[in-house]
Amino acid sequence: MVSIDYFIPALSMASLATSLAVIILLAEHFLMDYGEVELQVNDKTFKVKGGSTVLGTLKQEKIFLPSACGGRATCAYCKVKAVTGFGDILPTEAPLLTKEEVSQNIRLACQIKVKNNCAVTIPEELFSIKEFTARLDSVEYLTYDIKHFKFKLLSPSEIDFKAGQYVQFQSPPYGEVSESVYRAYSMSGRADARDVIELMVRLVPEGICTTYMFNHLKVGHEVSLTGPYGDFFLRDTDRKMVCIAGGSGMAPIRSILSGMTTGDIEKRRPVFLFGARARRDLFLLSEWAEFEAKHPGFRFIPALSGQEPGDDWSGETGRITDVIAKYVPDGRDFEAYLCGSPGMLNACVDVLRNLGVNEERIFYDKFG
Amino acid sequence: MQEVGAFVIFFASIFTSNILLTNFLGMCSYLSVSREIRTAWGLGIAVVFVMTITSVANYFVYYYMLVPLQLEYLEYIAFIIVIAALVQVVEMIIERTSDRLYASLGIFLPLITVNCAVLGAALFLIIRKYDFYQSLAYGAGSGIGWMLAIMALAGIRAKMARRSKVIPALEGPGIVLIVTGIIALGFIGFSGIVQIN
Amino acid sequence: MTSLVDRPVKSDPDIFETEHRLRQGNYMRGESRNLRNLLEDDLALVVSLDLQMDFIVTELERLYREGLRAYGDPIIVNGKYEVEVREDRGKTPCPWGDRFFAPKTVVSARNLENGTILKYSLLGLHMIKRHGFFQGAQSPFRIEPSLLKKFFDL
């Protein structure tokens, strides 16, 4: 018979570990349970379970703050105004907040926690942001590296957005990618087609989300989107319009222009300057030609900066920045809507400013 | 059994036998969390707390469990388990009471578990055969000594960041180790006051 | 080399976190060496090739700045390099946790004299400059020190 002595070391270590585990569980029970607390958002009050971040808690209450990094304090999109119930600025937020924001009590919702009754203020329009489940209905190549995705909304079945706004697309883990990422894409469809979301996406080299959308996402798959976000949309004025885009930057411009009424187009006489390298980078030409035929006040001007052999091109040539002046004779009457790569965008803003366009009337998406 | 009072041990472990400056234990967090006085203070308090409690707890585990069962050879495992569990509890307390401290300690809080100073203090009090009060004094004193050292360094580093032009080759850990050496030399000056071991 | 001061010391727990983030972000694809060994191996490689990293980083930055002027079209710099800068929207945080946000920009450059092609991302350039990190052997944006030598005719 085996003597009990053999088990003493194991038994004593096990009992030591067990008693410590009990202590930890007790501590967890008394320390980590914040109970139910009241979180006030603008003028609404929610009863929530304490202990999580404001971002996570609001998500549970179906309020979706913009966030690209998923709560790792790197994107600084989820800023809220903390009214009461939060302590000092945390070291994780400090680098992402300006002095002005600190003095206004602006905080990162992904860092501050709901521990007692507290209140935050968020922009009113964020209440209308929803999380959508959508099914990919069709996908087609527009150019060799831009695809046009059409999603049918399943639940909720309708989206209410202003033409020009964007959604966040969630790319699930796949292959070697072990976590979900969120990326922003402008909607390219008409705002009155409320059960459909259209996106134009250009493949980013080694991009996590675009690689997923190009190689893994198939017609019939269900995806998750949140939105609408952004303050890039048509301003209601009588000024003339110039729209400038390159590549997949056509998306929000297409949404804006296609949503304008015939009367508006006659009055504001929009010009759409579209920059591309060569013929093979142009797309939807027939759609724009049709649009031009229907609205005599509108002009679509593609410009090629470098032609390839056999391009046979009679339209504008040169960089888009060289073409602007020809179509914007006097900047003071114009409002500009831009979308494209950051470098092009900055250059266009400079050119427009020199042409006399008031900087407050130059609109572009800030998510670049 | 040493013939020194608990009170003497308390002061000796802070000044003359400072666990960091004489035994050079607990260096990793000392080097990395000493950029800001505020964080150094936070981690220091956490270490004082953990060291005091674990010294007492380990004293009981050793003399009332391991010795009677003749399991002294398991002391390392037992001490580590006790330390790990208590650090968990401390982590929860900090998360509850100070968001700022919790965020700035970040990964270093769980790392107190493997802070050699904490295990070192537990082992020293066994080797030196301290009784209960001596162990309590030694644990608390070592913690306070460690905190003192890291805060002194943090103060110097904060001042250096503003005033001094450190040559690139010595930036970061290099200059910190030199400063530490000088602080340690300074602490030798205390050795006339009290002396243990 | 400018990067040495920022490199973590052996006992710095940060290095484990950093390595974890680097692996998650695919910056160390197919790399069996740990981060410290990878950094040391690459540093040794740079030293043995006698590369002046300060010079190289300045040159790579200059090629990017010159290339940017063409908004995505190829442009000849110095009559010797054909540079094409591809910009996409959005920013990538530096996985080393230094709060640097790199635009998603990739520079493709070709030495017209010897035909060497070098492709680097702005994040990759930053990681070389600040962290001495050239990325894992099979990472898509690994910048091979030997390729740099050839590219700049050193």
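Residues numbered from 1 in each chain as written. Chains lettered and ligands numbered in written order. Predicted model: local features only at pLDDT ≥ 70, side-chain atom pairs only at ≥ 80, totals over all residues. Heavy atoms only, no water.

Chemist: Can you walk me through the sheet that holds strand β4 (residues 117-121) of chain C in this structure?
Modeler: Across a sheet, strands are paired by hydrogen bonds formed along the backbone, either parallel or antiparallel in direction. Residue and element names in this part refer to chain C. In spatial order, the strands read β1-β2-β3-β4; together these four strands make up an open sheet with antiparallel pairing. Edge positions in the sheet fall to β1 (75-77) and β4, since each has one partner strand and no second. Going from strand to strand, the sheet's axes swing by 30° on average, the running direction of each strand aside. Bridge count for β1 against strand β2 (residues 81-93) is three bridges, and the pairing is antiparallel. Among the inter-strand pairings, I76 is bridged to a residue of β2, identified as E82. Along the sheet, helix α4 (residues 122-131) contacts β2, β3 (101-111) and β4; its crossing angle with β4, the most-contacted strand, is approximately 85°. (Pairing = 2+ DSSP bridges. Helix = DSSP H or I, 4+ residues; strand = E, 2+ residues; numbered from the N terminus. Axes fitted to C-alpha atoms, helices over the stretch in contact; angles between N-to-C directions. Contact = heavy atoms within 4.5 Å.)

Chemist: Sorry if this is basic, but what is going on with the interface of chain A and chain B here?
Modeler: The figure often quoted for interface size is the accessible area lost as the parts come together. Contact with chain A, which involves 23 residues of that partner, is made by 24 residues of chain B. For the pair chain A and chain B, the summed buried area comes to about 2,000 Å², and 74% of that belongs to carbon and sulfur atoms. Counting the contacts that link chain A with chain B gives one salt bridge. Across the contact surface, chain A and chain B share three residue pairs in polar contact (both at pLDDT 80 or more). Across the side of chain A that touches chain B, the residue classes break down as 16 nonpolar, two polar and five charged. (Buried area = accessible area lost by both parts, 1.4 Å probe. Salt bridge = Lys/Arg side-chain N within 4 Å of Asp/Glu carboxyl O. Polar contact = N/O pair within 3.5 Å; in protein donor to acceptor, adjacent residues only side chain to side chain. Nonpolar A, V, L, I, M, F, W, Y, C, P; charged D, E, K, R; others polar.)

Chemist: Which parts of the structure should I look at to understand the interface of chain C and chain A?
Modeler: Contacts between the two partners involve 23 residues from chain C, matched on the other side by 30 residues from chain A. Regarding the contact of chain C and chain A, the summed buried area is about 2,300 Å², with carbon and sulfur atoms giving 48% of it. Contact with chain A buries surface across chain C, with Y71, R89 and R99 of chain C losing the most and accounting together for 33% of the total. At the boundary of chain C and chain A, one finds six salt bridges.

Chemist: Which parts of the structure should I look at to understand helix α1 (residues 8-31) of chain A?
Modeler: Between its first and last C-alpha, α1 of chain A extends 34 Å over 24 residues, near the 34 Å set by a 1.5 Å rise per residue. Taken together, the buried positions of α1 of chain A are occupied by P9, S12, M13, L16, L20, I24 and A27 of chain A. On the buried face of α1 of chain A, the contacting elements are α3 (37-66) and α4 (75-97) of chain B. (Expected span 1.5 Å × (residues − 1). Buried < 20%, exposed > 50% of the residue type's maximum accessible area, 1.4 Å probe, protein only.)

Chemist: Help me understand the pattern of salt bridges, please; the structure alone is not making it clear to me.
Modeler: A side chain with one charge may pair with a side chain of the opposite charge, provided their charged atoms come close. The full count for this structure, using the stated rule, is 38 salt bridges over all chains. Between R86 of chain C and D88 of chain C there is a salt bridge, with its nearest N and O atoms 2.8 Å apart. Accessibility expressed as a relative area gives 16% for R86 of chain C, which makes it buried. Its relative accessible area of 7% is what places D88 of chain C among the buried residues. Among the charged side chains, a salt-bridge network with shared partners connects D145 and R202 of chain A together with R86 and D88 of chain C.

Chemist: What should I look at first to understand the domain arrangement of chain A in this one?
Modeler: All names here are of chain A. Assigned domains of chain A: these are domain 1 (36-126), domain 2 (129-229) and domain 3 (240-364). Averaged C-alpha coordinates put domain 2 and domain 3 at centres separated by 24 Å. In this assembly, 16 residues from domain 2 lie in contact with 14 residues from domain 3. Three residues, Y144, R190 and M200, lead the burial of domain 2 against domain 3; their summed loss comes to 37% of the area buried on that side. Scanning the region where domain 2 abuts domain 3 turns up one salt bridge. Where E198 meets R254, a salt bridge forms, and the shortest distance between an N and an O atom there is 3.0 Å. Where domain 2 touches domain 3, the interface holds five residue pairs in polar contact (both at pLDDT 80 or more). Where the side of domain 2 that touches domain 3 is concerned, the elements lending two or more residues are β7 (146-155) and β10 (196-202). (Domains from an automatic or database assignment.)

Chemist: Looking at this model, I keep getting lost on the pairing of strand β8 (residues 166-171) of chain A. Mind explaining?
Modeler: Here is the key point about a regular strand: its side chains alternate between the two faces of the sheet. All names here are of chain A. A large share of β8 lies buried, amounting to six of its six residues. Examined bridge by bridge, β8 and strand β11 (residues 222-229) share four bridges and lie antiparallel to one another. If you follow Q168 over to β11, its bridge partner there is T226.

Chemist: What exactly am I supposed to notice about the state of the cysteines here?
Modeler: Taken as a whole, this structure holds zero disulfides over all chains when the rule is applied. Not engaged in a disulfide, the cysteine C110 of chain A finds its nearest cysteine sulfur in C78 of chain A; these two sulfurs lie 3.8 Å apart. (Disulfide = S-S within 2.5 Å.)

Chemist: Help me out: how do you make sense of the pairing of β11 of chain A in this one?
Modeler: All names here are of chain A. Buried residues dominate β11, accounting for seven of its eight residues. Pairing geometry for strand β6 (residues 130-141) and β11, over six bridges, is antiparallel. Across the sheet, residue R135 finds its bridge partner in β11, namely E222.

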